[in-house]
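Chain by chain, the residues:
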Amino acid sequence: MSTVSLVTGGNRGIGREVCRQLAERGHVAHAEINALARLGADRHYEDHTLLTTLEPCGMCHGAAVQATVGALAYAGADPYGGTGDLVFCTPQARRRPLRLTGPLPDERGRLAELLHIVWLLQMPAGRHVLAAQQAALPAQAGLAGRPRTLRLFTEAAAARAPLADLRSALRGTL
């Protein structure tokens, strides 16, 4: 579950989207796709950066290449569906390479991973998806499974609390 922002080279935000996968009952309503769909076909966007909470899946990674965005930066790793290490070898991708950075090595990255794992637990996701998270991110997976953490996330979502409040509540555990 991701939130993304699309920014220009001058750090001016031009769009913000959230994942609408559950609301729209579809597998392709990812936030990255929604943000990239706002870009017109009249130019290339090498001066734009797609900022996302979570490591992009193959569909979103490919869409960023197709949209000719210059960079994609993500906060947290997704050991099951993430494609941060994937290199597209098409002529288009070689001509306009996408600069990919992430995950963040600090509490922001760990919070993004924790958010994702809590979401997966609440879906619920398949055992194989959770096993990949547990193997690669054992601390975040363990924290996500604690009743206190689940309650904290549920209450924060109900109150529409900002992420800064969640970060503060989790300080010392991330």
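A. Main features of the overall build of the chain. For the chain, the count of helices and strands is eight helices and five strands. Across the chain, helices and strands are ordered from the amino to the carboxyl terminus as β-β-α-β-α-β-α-β-α-α-α-α-α. Expressed as a percentage of its 174 residues, the buried residues of the chain come to 42%. Expressed as a percentage of contacts within the chain between residues at least 6 apart in sequence, the contacts between residues at least 24 apart total 62%. When the accessible surface of the chain is totalled, it reaches about 9600 Å², and 56% of it is carbon and sulfur.

B. Expanded view of the packing of helix α4 (residues 107-122) against helix α8 (residues 163-170). It is at 11 Å that the axes of α4 and α8 come closest, and there the two elements cross at 100°. Classified by the angle between their axes, α4 and α8 sit roughly perpendicular to one another. In this structure, α4 uses Glu107, Arg108, Leu111, Leu114 and Leu115 to contact α8, whose residues at the interface are Leu163, Leu166, Arg167 and Leu170. Broken down by class, the residue content of the contact of α4 with α8 amounts to six nonpolar, no polar and three charged.

C. Representation of the packing of α4 against helix α7 (residues 147-158) in the model. In the contact formed by α4 and α7, the axes pass within 11 Å of each other and the chain directions differ by 95°. The orientation of α4 with respect to α7, classified from their angle, is roughly perpendicular. Contacts between α4 and α7 involve Leu111, Leu114, Leu115, Val118 and Gln122 from the former and Thr149, Leu150, Phe153 and Thr154 from the latter.

D. The arrangement of the side chain of glutamate 55 in detail. With respect to the secondary-structure elements, glutamate 55 resides in the loop between β3 (45-54) and α2 (58-66). Leaving out residues up to four positions away in the same chain, glutamate 55 has contacts with Tyr74, Gly76, Ala77, Asp78, Gly82, Thr83, Gly84 and Asp85.

Quick notes on the rules
- Residues numbered from 1 in each chain as written.
- Predicted model: local features only at pLDDT ≥ 70, side-chain atom pairs only at ≥ 80, totals over all residues.
- Heavy atoms only, no water.
- Helix = DSSP H or I, 4+ residues; strand = E, 2+ residues; numbered from the N terminus.
- Buried < 20%, exposed > 50% of the residue type's maximum accessible area, 1.4 Å probe, protein only.
- Contact = heavy atoms within 4.5 Å.
- Areas by Shrake-Rupley, 256 points an atom, 1.4 Å probe, with all protein chains shown as cover.
- Axes fitted to C-alpha atoms, helices over the stretch in contact; angles between N-to-C directions.
- Parallel < 35°, antiparallel > 145°, perpendicular 65-115°, else oblique.
- Nonpolar A, V, L, I, M, F, W, Y, C, P; charged D, E, K, R; others polar.

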